[in-house]
Amino acid sequence: MKIDRRLREVDPEIADAIQGELNWERETIHLIPSDNLASRAVLEALGSVLNNRYSEGYPGKRYYGSQEFVDRAETLAIERAKKIFGAEHANVQCYSGSPANMEIYFALLKPGDKVMAMDLTHGGHLTHGSPVSATGKTYNFVHYGVDRETERIDYEAVREMALREKPKMIVSGATAYPREIDFKRFAKIAEEAGAISMADTSHVTGLIIGGVHISPLPETDVVMTTTHKTLRGPRGAMILCKEKFAEAIDKAVFPGMQGGPHDHENAAKAVALHEAMQPEFKEYAEQIVKNAKALAKGLIDNGLKLVSGGTDNHLILINLTPIEAGHGAFAQKALEKANITVNKNTIPFEPSSPFYPSGIRIGTPAMTTRGMKEGDMKEIAGFIATVINETKKYKLPEEKTERNACFSRFNKEIDENSTIRKVRKDVIALSRRFPLYEGVSYV
Ligand SMILES: *Cc1c(COP(=O)(O)O)cnc(C)c1O
């Protein structure tokens, strides 16, 4: 068993899968707002020998010996995280956003305590107390949403709810909300209500670092962010908090919820933070928003309806109810056939269901990474509108048992649709103008 053979030689099936993904990423308009394209430097750290170590504990206080280099990498990640956010304390060991949120609740609450957070169908995350999540099963979540008219957070309504409900913690942050969130105002509301303020900035961390959006710090007690979304790092998360919560947070992460840290991932987080400290990152963050606004305008100009009428961030929610409630699945599939990757999503006050939702969620972080600008967004808006137009005649059958048959007929027809085939050609041509990971190959 030699360990220095290349992947292609050892496992051609997996090499094929990875090469397939690379080819696909190169020829696709990738609009899933939670996705991004990490740099080769980040991917190199991720694929490094730091994967080989066990290092339970924290830098300088480990349960295993010979941690000089692991400590060096994790300390760099911690110092950079504190500096970039202006945070008093950082824990960079969180495996991902979902466990990190649970770690915060575990550190600062008791089972059954009341927590206020944004409703899932209004843009909140599963780990903000959805009944199907361990968070919702363990803690007593009450949810705020967006205003029915404006489809934006009504801060005065949130304040009134906080004073009425007296929660132990108030969570701000969302996963499908196209407007800027005033994290500082949330911290103020929490303070007034005597609650701990927690901000989950996962989606917009890159925008905050780039100075485009309001930072929750230094006012907010605890902040959680994933590292792989607009921050453009490895999959993972970190927690930033005030010094008074540092010990509780560190204990909740390890040994509370996790074992050995993923040292390769933490080194890659340090690389991503280093990249985010460069002046180009500010330009990147600004361009993400410019692109999203141009894309939103293009979609509206093509007759599509957007939740809240537009965007302030990297994300857009298309409301497809003018075609039909529950149309999201048709639109997602047809766009996929045209090499445009999006995800179906619920909209506020969803009239259909999460599996057949009425919205499409798109975003600009990945395509901005590839170097696309406002003009490209206008072109993409045209592609999206053309494809969605082709799906209009398909309606979701009322009878659940008829849905599978309807979708197989739809799939077949969409496959042969000449308009969609033409868009696909144009998408590939546009995508190829922005080379990705040149020279990388698993063949
Ligand atoms: C993505 C996301 C998470 C969860 O992160 P995972 O790494 O997927 O577990 C938590 N909160 C918000 C707001 C998110 O957008």
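Residues numbered from 1 in each chain as written. Predicted model: local features only at pLDDT ≥ 70, side-chain atom pairs only at ≥ 80, totals over all residues. Heavy atoms only, no water.

Chemist: Is there a simple way to think about the site of the ligand in this case?
Modeler: Around the ligand sit 15 residues, and of these Ser-96, Ser-98, Asp-200, His-203 and Lys-229 come closest. Between the ligand and the protein, one listed contact pairs an oxygen atom with a side-chain N or O atom of Ser-98 at 2.7 Å. Separating an oxygen atom of the ligand from a side-chain N or O atom of Lys-229 is a distance of 2.7 Å. Coverage of the ligand by the protein amounts to 88% of the 380 Å² it exposes when considered alone. (Near = heavy atom within 4 Å. Polar contact = N/O pair within 3.5 Å; in protein donor to acceptor, adjacent residues only side chain to side chain. Areas by Shrake-Rupley, 256 points an atom, 1.4 Å probe, with all protein chains shown as cover.)

Chemist: What's the story with empty space enclosed by the protein in this structure? I'm lost.
Modeler: Take a probe with the size of a water molecule and roll it over the atoms, and the empty space left behind shows itself. Per the stated rule, a full pass over the model turns up one cavity of 30 Å³ or more. The space that makes up the largest cavity amounts to roughly 90 Å³. Around the largest cavity sit 16 residues that line it, and Ala-174, Tyr-177, Ile-181, Val-204 and Asn-313 are the ones nearest its centre. (1 Å grid on protein atoms, 1.4 Å probe; cavity = no way out; pocket = protein on both sides within 12 Å on 5 of 7 lines; lining within 4 Å. Points joined across faces, edges and corners; volume = space filled by probe spheres on them.)

Chemist: Looking at this model, I keep getting lost on the sheet that holds strand β11 (residues 305-306). Mind explaining?
Modeler: Two orientations exist for strands paired in a sheet by backbone hydrogen bonds: parallel and antiparallel. With respect to topology, four strands assemble into an open sheet ordered β11-β12-β15-β14, the strand pairing being antiparallel. Two strands in the sheet have a free side with no partner beyond their single neighbour: β11 and β14 (343-345). Note: β14 against strand β15 (residues 359-363), three bridges, orientation antiparallel. Across the sheet, residue Asn-343 finds its bridge partner in β15, namely Arg-361. (Pairing = 2+ DSSP bridges. Helix = DSSP H or I, 4+ residues; strand = E, 2+ residues; numbered from the N terminus.)

Chemist: Before we go on, may I ask you to explain the pattern of salt bridges in this structure?
Modeler: Side-chain pairs of opposite charge can arise whenever the charged atoms involved come near each other. Applying the stated criterion to the full structure yields 23 salt bridges. Across the salt bridge formed by Lys-242 and Asp-221, the nearest N and O atoms sit 3.0 Å from each other. With Lys-242 in the loop between β10 (237-241) and α10 (243-257) and Asp-221 in the loop between α9 (205-209) and β9 (222-226), the pair connects residues that are 21 residues apart, well separated along the chain. Among the residues examined, Asp-221 registers a relative accessible area of 9% and is labelled buried. Here the salt bridges share partners, and the residues they tie into one network are Arg-62, Asp-71 and Glu-74. (Salt bridge = Lys/Arg side-chain N within 4 Å of Asp/Glu carboxyl O. Buried < 20%, exposed > 50% of the residue type's maximum accessible area, 1.4 Å probe, protein only.)

Chemist: Please clarify how a nonpolar patch on the surface should be interpreted in this entry.
Modeler: A contiguous nonpolar patch, built from Leu-7, Ile-14, Ile-18 and Tyr-442 and spanning about 290 Å² of accessible area, is present on the exposed surface. Within the secondary structure layout, Ile-18 lies in helix α2 (residues 12-26). (Patch = residues over 30% accessible without salt bridge, like charges linked within 9 Å, V, L, I, M, F, W, Y side chains within 5 Å.)

Chemist: Looking at this structure, I do not really get the packing of helix α13 (residues 328-337) against helix α15 (residues 374-391). What am I missing?
Modeler: When two helices pack together, their arrangement is given by the angle between the helix axes and the distance between those axes. Between α13 and α15, the least distance of the axes is 9 Å, while the angle of their chain directions is 125°. Overall, the two elements α13 and α15 adopt an arrangement that is oblique. Like other packed secondary-structure pairs, α13 and α15 cross with a definite hand, here right-handed. The residues of α15 that touch α13, namely those facing Phe-330, Ala-331, Ala-334 and Leu-335, are Ile-384, Val-387, Ile-388 and Thr-391. When the residues that make up the contact of α13 with α15 are grouped by side-chain class, the tally is seven nonpolar, one polar and no charged. (Axes fitted to C-alpha atoms, helices over the stretch in contact; angles between N-to-C directions. Parallel < 35°, antiparallel > 145°, perpendicular 65-115°, else oblique. Left-handed = near helix turned anticlockwise from the far one by under 90°. Contact = heavy atoms within 4.5 Å. Nonpolar A, V, L, I, M, F, W, Y, C, P; charged D, E, K, R; others polar.)

Chemist: Quick question: what am I supposed to make of the layout of surface pockets here?
Modeler: By volume, the largest pocket is sized at about 1,300 Å³. Lining the largest pocket are 34 residues, with Ile-18, Leu-43, Leu-46, Gly-47 and Tyr-442 sitting closest to its centre. Looking at the lining of the largest pocket, the elements that each hand over two or more residues are α1 (7-10), α2 and α3 (40-46). Among the elements that take part in the lining of the largest pocket, α2 stands out by supplying five residues, more than any other. Each pocket or cavity is described by its volume, and for the second largest pocket that value is around 370 Å³. Within the lining of the second largest pocket, the residues separate by chemical class into five nonpolar, nine polar and three charged.

Chemist: When you look at the nonpolar core in this model, what are you seeing that I'm missing?
Modeler: In summary, soluble globular proteins display a tendency toward joint burial of nonpolar side chains. Grouped together as the largest cluster of nonpolar side chains are 50 residues, with contacts concentrated most on Leu-299, Ile-318, Ile-340, Ile-362 and Ile-384. At the level of secondary structure, the elements contributing two or more residues to this core comprise α12 (279-301), β12 (315-319), α13, β15, α14 (365-369), α15, α16 (403-415) and α17 (418-432). Looking at this core, the element that brings in the most residues is α15, giving eight residues. Ranked by size, the runner-up nonpolar core spans 46 residues in total, among them Ile-78, Ala-87, Tyr-144 and Met-238. (Core = buried A, V, L, I, M, F, W, Y, C linked by side-chain atoms within 4.5 Å.)

Chemist: Even after reading the chapter, I still don't get the side chain of Asp-263, so can you show me in this structure?
Modeler: Structurally, Asp-263 can be placed in helix α11 (residues 263-276). Polar contacts involving the side chain of Asp-263 include one to the side chain of Ser-55, which spans 2.6 Å. Setting aside chain neighbours within four positions, we find Asp-263 in contact with Leu-50, Arg-53, Ser-55 and Val-70.

Chemist: Can you help me understand the packing of helix α4 (residues 68-85) against α11 in this one?
Modeler: One can describe the packing of α4 onto α11 by two numbers: an axis separation of 8 Å at closest approach and a directional angle of 40°. Between α4 and α11 the crossing geometry is left-handed. Between α4 and α11, the residues in contact are Val-70, Ala-73, Glu-74, Leu-76, Ala-77, Arg-80, Ala-81, Ile-84 and Phe-85 and Asp-263, Asn-266, Ala-267, Ala-270, Val-271, Leu-273, His-274 and Ala-276, respectively. Across the contact of α4 with α11, the residue classes tally to 12 nonpolar, two polar and three charged.

Chemist: When you look at the packing of aromatic side chains in this model, what are you seeing that I'm missing?
Modeler: Each aromatic ring pair is described using two quantities: the centre-to-centre distance and the angle formed by the ring planes. By the definition in use, this model includes 14 aromatic pairs. On the basis of an interplanar angle of 80° and a centroid distance of 6.0 Å, the ring pair of Phe-407 and Phe-410 is categorised as edge-to-face. With a gap of three residues between them, Phe-407 and Phe-410 both fall in helix α16, about one helical turn apart. One aromatic cluster is present, formed by Phe-330, Phe-355, Tyr-356, Tyr-394, Phe-407 and Phe-410 through successive ring pairs. The side chain of Arg-232 reaches across the aromatic face of Tyr-284, ending 4.1 Å from its centre. (Phe/Tyr/Trp six-rings, centres within 6.5 Å; stacked < 30°, edge-to-face > 60°. Lys NZ or Arg CZ within 6 Å of the ring centre and 35° of its normal.)

Chemist: Is there a simple way to think about unusual backbone geometry in this case?
Modeler: Comment: phi is negative for the bulk of residues other than glycine, and the bulk of peptide bonds are trans. That bond from Leu-217 to Pro-218 is cis: its omega, 10°, falls within 30 degrees of zero. Structurally, Pro-218 is set in the loop between α9 and β9. In this chain, Phe-254 is followed by Pro-255 through a cis amide linkage whose omega measures 10°. Its location among the elements puts Pro-255 in helix α10. The phi torsion at Ser-66 lies on the positive side, around 50°, for a residue other than glycine. As for its position among the elements, Ser-66 is in the loop between β3 (61-62) and α4. One non-glycine residue, Asn-339, lies in the positive phi region at around 60°. Structurally, Asn-339 is set in the loop between α13 and β13 (340-341). When its relative accessible area of 10% is taken as the criterion, Asn-339 is described as buried.

These values are about where atoms sit, not about what they do.
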